[in-house]
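The chain contents come next:
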Amino acid sequence: MGELRLMKGNEAIAEAAIRAGCDGYFGYPITPQSEVMEYLMVERPYETTGMVVLQAESEVAAINMLYGGAGTGKMVLTSSSSPGVSLMQEGISYMAGAELPALIVNIVRGGPGLGTIQPSQADYFQAVKGGGHGDYHMIVYAPASVQEMADFVQIGFDVAFKYRTPVMILSDGAIGQMMEKVYLADPVPRLTEKEVIARCPWASNGRPMSRQHNIITSLDLDPAGQERLNLVLQEKYRKIEESEVMFETIDCEDADYILVAFGLSARICQKAMNLARQKGIKVGLFRPITLFPFPKKEIHELAKRVKGMLVVEMNAGQMIEDVQLAVGCDIPIKHYGRFGGIIPTPDEVVKALEETIIGG
Amino acid sequence: MEEKFAHPELRTPENLVYKRTDLLVDCPLSYCPGCGHGVVHRMLMEVLEEKDIASKTIGVNPVGCSVLAYDFMNIDMLGAAHGRAPALATAIKRLWPDRYVFTYQGDGDLAAIGTAETIHACNRGENFTIIFINNGIYGMTGGQMAPTTLPGMRSSTSPYGRDIDIMGHPLKITELIAQLPGTYYVTRQSVQTPAAVRKTKKALRKAFDLQDEKKGISFVEVVSNCNSGWKMTPVQSNTWMEENMFPAYPLGDIKVNGELVK
Ligand SMILES: Cc1ncc(C[n+]2csc(CCOP(=O)(O)OP(=O)(O)O)c2C)c(N)n1
Ligand code: SF4
Ligand SMILES: [Mg+2]
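As the structure is a computational prediction, the values presented were derived from the model and not from experiment. (Residues numbered from 1 in each chain as written. Chains lettered and ligands numbered in written order. Predicted model: local features only at pLDDT ≥ 70, side-chain atom pairs only at ≥ 80, totals over all residues. Heavy atoms only, no water.)

**A closer look at the overall build of chain B**
Piece 1. Counting secondary structure elements, chain B contains 10 helices and 10 strands.
Piece 2. Counting only residues that meet the buried cut, chain B has 56% of its 262 residues in that class.
Piece 3. On chain B, roughly 11,100 Å² of surface is accessible, and the fraction owed to carbon and sulfur atoms is 56%.
Piece 4. Taking the average place of the 27 positive charges on the side chains of chain B and the average place of its 28 negative ones, the gap between the two points comes to 5 Å. (Helix = DSSP H or I, 4+ residues; strand = E, 2+ residues; numbered from the N terminus. Buried < 20%, exposed > 50% of the residue type's maximum accessible area, 1.4 Å probe, protein only. Areas by Shrake-Rupley, 256 points an atom, 1.4 Å probe, with all protein chains shown as cover. Lys, Arg positive; Asp, Glu negative; His and termini not counted. Charge placed at Lys NZ, Arg CZ, Asp CG, Glu CD.)

**Notes on the site of ligand 2**
Piece 1. Near ligand 2 the following residues occur: Y31, C32, C35, H37, C65, N135, G139, C226, N227 and S228 of chain B.
Piece 2. Tallied by class, the residues present in the shell around ligand 2 amount to five nonpolar, five polar and no charged. (Near = heavy atom within 4 Å. Nonpolar A, V, L, I, M, F, W, Y, C, P; charged D, E, K, R; others polar.)

**Details of the site of ligand 1**
Piece 1. Around ligand 1, a shell composed of 17 residues is seen, among which C65, G108, D109, G139 and M140 of chain B lie nearest.
Piece 2. Bordering ligand 1 are residues originating from chains A and B.
Piece 3. Here C65 of chain B contributes a backbone N or O atom positioned 2.8 Å from an oxygen atom of ligand 1.
Piece 4. Protein contacts shield 78% of the accessible area of ligand 1, which totals 590 Å² for the unbound molecule.
Piece 5. Sorting the residues of the shell around ligand 1 by element identifies helix 4 (107–113) and strand 5 (137–138) of chain B as the ones contributing at least two each.
Piece 6. At four residues, helix 4 of chain B tops the list of elements feeding residues into the shell around ligand 1.
Piece 7. Looking at the shell around ligand 1, its residues break down into six nonpolar, eight polar and three charged. (Polar contact = N/O pair within 3.5 Å; in protein donor to acceptor, adjacent residues only side chain to side chain.)

**A look at the coordination of the magnesium ion (ligand 3)**
Residues and elements named next belong to chain B.
Piece 1. For the magnesium ion (ligand 3), every protein donor is listed as D107 (OD), N135 (OD1) and I137 (O), and the spread of their distances is 2.1 to 2.5 Å.
Piece 2. Spacing between the donor residues of the magnesium ion (ligand 3) along their common chain follows D-x27-N-x1-I. Of this pair, D107 sits in helix 4 while N135 sits in the loop between strand 4 (129–134) and strand 5, placing them 28 residues apart in sequence.
Piece 3. A relative accessible area of 7% means that N135 is categorised as buried. (Donors = N, O, S within 2.8 Å, 3.2 Å for Na, K, Ca; no water.)

**Brief notes about the side chain of S155 of chain B**
Residues and elements named next belong to chain B.
Piece 1. Within the secondary structure, S155 is located in the loop between strand 6 (144–145) and helix 6 (164–167).
Piece 2. A distance of 3.1 Å separates a polar atom in the side chain of S155 from the backbone nitrogen of M145.
Piece 3. Not counting chain neighbours up to four residues away, the residues in contact with S155 comprise I137, G143, Q144 and M145. (Contact = heavy atoms within 4.5 Å.)

**Focus on the interface of chain A and chain B**
Piece 1. Contacts between the two partners involve 38 residues from chain A and, on the opposite side, 37 residues from chain B.
Piece 2. At the boundary of chain A with chain B, total buried surface from both sides reaches about 2,900 Å², with 62% on carbon and sulfur atoms.
Piece 3. Per-residue buried area on chain A facing chain B is highest for E57, R207 and H213 of chain A; these three make up 19% of the total on that side.
Piece 4. The interface formed by chain A and chain B includes three salt bridges.
Piece 5. Inspection of the chain A/chain B interface yields 18 residue pairs in polar contact (both at pLDDT 80 or more).
Piece 6. Of all the elements in the fold, those that place two or more residues in the side of chain A that touches chain B are strand 2 (24–27), strand 3 (52–55), helix 4 (59–71), helix 6 (89–97), helix 10 (193–199) and strand 9 (215–216) of chain A.
Piece 7. Of all the elements, helix 4 of chain A adds the most residues to the side of chain A that touches chain B, at eight residues.
Piece 8. Looking at the side of chain A that touches chain B residue by residue, the class counts come to 18 nonpolar, 13 polar and seven charged.
Piece 9. Inspection of the sheet shows strand 9 of chain A paired to strand 2 (residues 76–79) of chain B by two bridges, in the parallel sense. Pairing of I215 of chain A across the sheet is with M77 of chain B, part of strand 2 of chain B. (Buried area = accessible area lost by both parts, 1.4 Å probe. Salt bridge = Lys/Arg side-chain N within 4 Å of Asp/Glu carboxyl O. Pairing = 2+ DSSP bridges.)

**A few points about the packing of helix 1 (residues 37–51) of chain B against helix 8 (residues 194–211) of chain B**
Residue and element names in this part refer to chain B.
Piece 1. In contact at an axis separation of 9 Å, helix 1 and helix 8 are set at 50° when each is read in the N-to-C sense. By the angle between their axes, helix 1 is oblique relative to helix 8. Considering only the axes of helix 1 and helix 8, their crossing is right-handed. Across the interface between the two elements, V39, M43, L44, E46, V47, L48, E50 and K51 of helix 1 pack against V197, K201, L204, R205, F208 and D209 of helix 8.
Piece 2. Per-class residue counts for the contact of helix 1 with helix 8 are eight nonpolar, no polar and six charged. (Axes fitted to C-alpha atoms, helices over the stretch in contact; angles between N-to-C directions. Parallel < 35°, antiparallel > 145°, perpendicular 65-115°, else oblique. Left-handed = near helix turned anticlockwise from the far one by under 90°.)

**Remarks on the domain arrangement of chain A**
Residue and element names in this part refer to chain A.
Piece 1. The domain architecture assigned to chain A consists of domain 1 (3–195) and domain 2 (247–358).
Piece 2. Relative placement of domain 1 and domain 2: their C-alpha centres are 27 Å apart.
Piece 3. Here domain 1 packs against domain 2, burying approximately 2,100 Å² in sum over the two surfaces, 58% of which is carbon and sulfur.
Piece 4. Viewed at the interface, domain 2 and domain 1 are joined by three salt bridges.
Piece 5. For K129, the salt bridge identified is with D322, shortest N-O distance 2.6 Å.
Piece 6. Put simply, domain 1 and domain 2 have 15 residue pairs in polar contact (both at pLDDT 80 or more) between them.
Piece 7. Breaking the side of domain 1 that touches domain 2 down by element, the ones donating at least two residues are helix 7 (124–128), strand 6 (139–141), helix 8 (146–163), strand 7 (166–172) and helix 9 (173–177).
Piece 8. Here the side of domain 1 that touches domain 2 is composed, by residue class, of 17 nonpolar, six polar and five charged. (Domains from an automatic or database assignment.)

**Focus on the sheet that holds strand 3 (residues 100–106) of chain B**
Two pairing modes exist for strands in a sheet, parallel and antiparallel, and in both the strands are linked by backbone hydrogen bonds.
Piece 1. Read across the open sheet, the nine strands follow the order 9(A)-2(B)-1(B)-3(B)-4(B)-8(B)-7(B)-9(B)-10(B); overall the sheet is mixed. On the outer flanks of this sheet lie strand 9 of chain A together with strand 10 (259–260) of chain B, each paired with one strand and no other.
Piece 2. Judged from the five bridges that link them, strand 3 of chain B and strand 4 of chain B form a sheet pairing that is parallel. Directly across from Y104 of chain B, in strand 4 of chain B, lies its bridge partner I131 of chain B.
Piece 3. Helix-sheet contacts for helix 4 of chain A involve strand 9 of chain A together with strand 2 of chain B, and the interaxial angle to strand 2 of chain B is about 150°.
Piece 4. Sheet strands in contact with helix 3 (residues 85–95) of chain B are strand 1 (57–61), strand 2 and strand 3 of chain B, and its direction is about 180° off that of strand 3 of chain B.

**So, the sheet that holds strand 10 (residues 247–250) of chain A**
Residues and elements named next belong to chain A.
Piece 1. Taken together, five strands build an open sheet; the order of strands is 10-12-11-14-15 and the sheet is mixed. The sheet terminates laterally at strand 10 and strand 15 (333–337), the two strands that pair on one side only. Here the average twist between neighbouring strands, direction ignored, is 20°.
Piece 2. With five bridges joining them, strand 14 (residues 308–313) and strand 15 adopt parallel strand pairing. Note that in strand 15 the partner of V312 across the bridge is Y336.

Structure representation (structure tokens):
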């Protein structure tokens with residue numbers, strides 16, 4: 001069943017959250033993602049599904065509201081954009097350490113600093129390498145369409161609870177703001193309190209005297225204990241790397257050259273690929289969908305069959321480091337990037353491919 | 001069970017005048033001997049036991065000396081990041097409206113790094129209880145100046161005494177939040193004498209009773225000693241507290257039933 005609608009990416013996130021049975025949204029306005037909360041405030045899911053929607057006093061408060069809600073076993077969501085997500089880093093680190101499931105959306109804008117409100121992919125390192133303090137990862141999804149913005153809400157919640165980990169949707173201002181057709185699944189009801197308790201026996205939501213008290217924390221003052229917690233986290237990340245990798249390949253079978261790009265850049269590269277093929281250059285596209293876990297093996301295998309790779313990003317060269325680590329053989333790997341809110345054109349990408357890889 | 005008492009023969013029913021509530025975990029507390037934190041823990045757990053709401057209560061503890069409070073309180077708890085307990089409690093109470101929710105916070109936590117979370121939770125009129133342990137110092141990190149450190153009071157970061165020209169004034173956050181329409185009950189108590197302890201317990205009881213009415217924040221400040229941070233014996237610290245802290249932070253109700261006490 002479900003329903004087809006024309007929506008902005010940000011609105012699709014909000015609508016998908018209501019339909020996924022999300023229990024609470026906590027956020028703070030920032031361009032280019034304010035439509036998420038605005039949509040929720042118009043829809044008023046607190047009157048239909050009972051979902052809590054609250055405008056917090058800051059991103060610091062919002063992420064700690066998320067920590068509180070997640071610590072009780074509820075399905076909670078926040079969204080922000082780059083400067084706001086920087087403010088959230090301490091809280092995200094706490095959630096990773098306390099092993100709490102939650103969904104965090106970053107509709108990236110250009111930086112550093114206040115930067116610009118235009119789209120960017122410059123928060124790749126922050127999202128994928130940790131961002132906050134300590135050894136941790138989030139599972140990071142990079143949608144390339146409004147449809148994927150909606151899809152990754154349900155998928156994101158599922159993996160967050162499966163692994164007890166914060167999950168991020170890393171998108172950008174263009175996908176957040178643009179309108180596309182989106183298929184929305186039928187709503188599923190929110191879990192009852194009983195179901196929450198059954199799904200999350202570890203959660204602190206009121207202790208029946210039949211069990212020990214639950215404690216949500218990331219603290220262990222004993223180094224041996226803290227090392228054990230770290231080992232548990234690392235083991236979890238290995239499992240995630242084994243099971244949760246997502247990627248897409250387009251026309252890679254006969255390709256001599258590969259464009260590697262995520263999110264909006266991948267949309268542009270699709271067009272660039274077609275332009276290049278019209279010129280007789282056999283180009284394929286490899287699109288990592290999960291940025292952590294990164295599709296290392298798949299890129300490694302692909303690299304054995306091609307003459308070079310161009311990594312296209314709306315940043316100064318971030319994902320390229322992961323591509324280089326994954327490839328591990330002697331083919332040229334170059335970067336083409338625009339930043340500060342500028343979106344590269346397909347022609348620029350083809351030119352970069354010709355100049356840096358084919359002719360280079 | 002191993003006998004822990006030096007004189008087990010004295011432990012007879014007719015001699016039993018006091019029993020530790022089972023809601024306090026039977027383990028050594030991490031607090032310095034003489035510190036007020038432990039007494040407040042006990043009062044809090046006794047209130048939950050007497051109200052028979054332990055299984056419906058969710059606590060949020062801070063970063064500060066009470067960072068391990070979740071180990072001592074036999075109820076479901078969450079350890080917040082420094083200053084953020086009211087944000088956690090906001091979400092928890094809204095997502096579980098029929099639970100009793102409290103935060104337990106020090107002065108650095110509540111009135112410095114967490115000032116925004118404190119003020120906004122109070123101003124939104126969230127329906128949980130804030131327990132505020134004001135000892136005028138950062139106990140946990142080794143006795144640095146707190147927002148509530150008194151003028152002239154020494155700390156490791158005001159070693160010659162707090163100079164208000166350089167370091168600013170003490171922040172009377174309790175008086176401040178009492179002004180906000182979202183607070184319903186605001187009181188300041190202490191735990192240095194049996195009479196004071198009883199009053200604090202009564203205040204805590206009232207604060208939890210009020211959660212049923214859903215009329216806003218109930219806020220219980222406890223002016224407390226930090227004998228270690230103040231570099232005094234426990235007895236000296238209590239005398240010093242009575243002579244210096246109480247004039248600056250006068251005890252008693254500040255707001256009752258949503259009305260400021262004149
Ligand atoms: C973000 C952050 N900054 C600083 C600290 C260090 N820190 C831990 S406890 C504390 C002060 C605690 O003082 P208070 O809240 O008054 O509690 P007390 O120990 O006096 O009970 C500080 C500064 C921290 N843990 N996190
Ligand atoms: S340092 Fe101060 S506040 Fe902390 S436990 Fe010791 S006496 Fe209590
Ligand atoms: Mg203190």
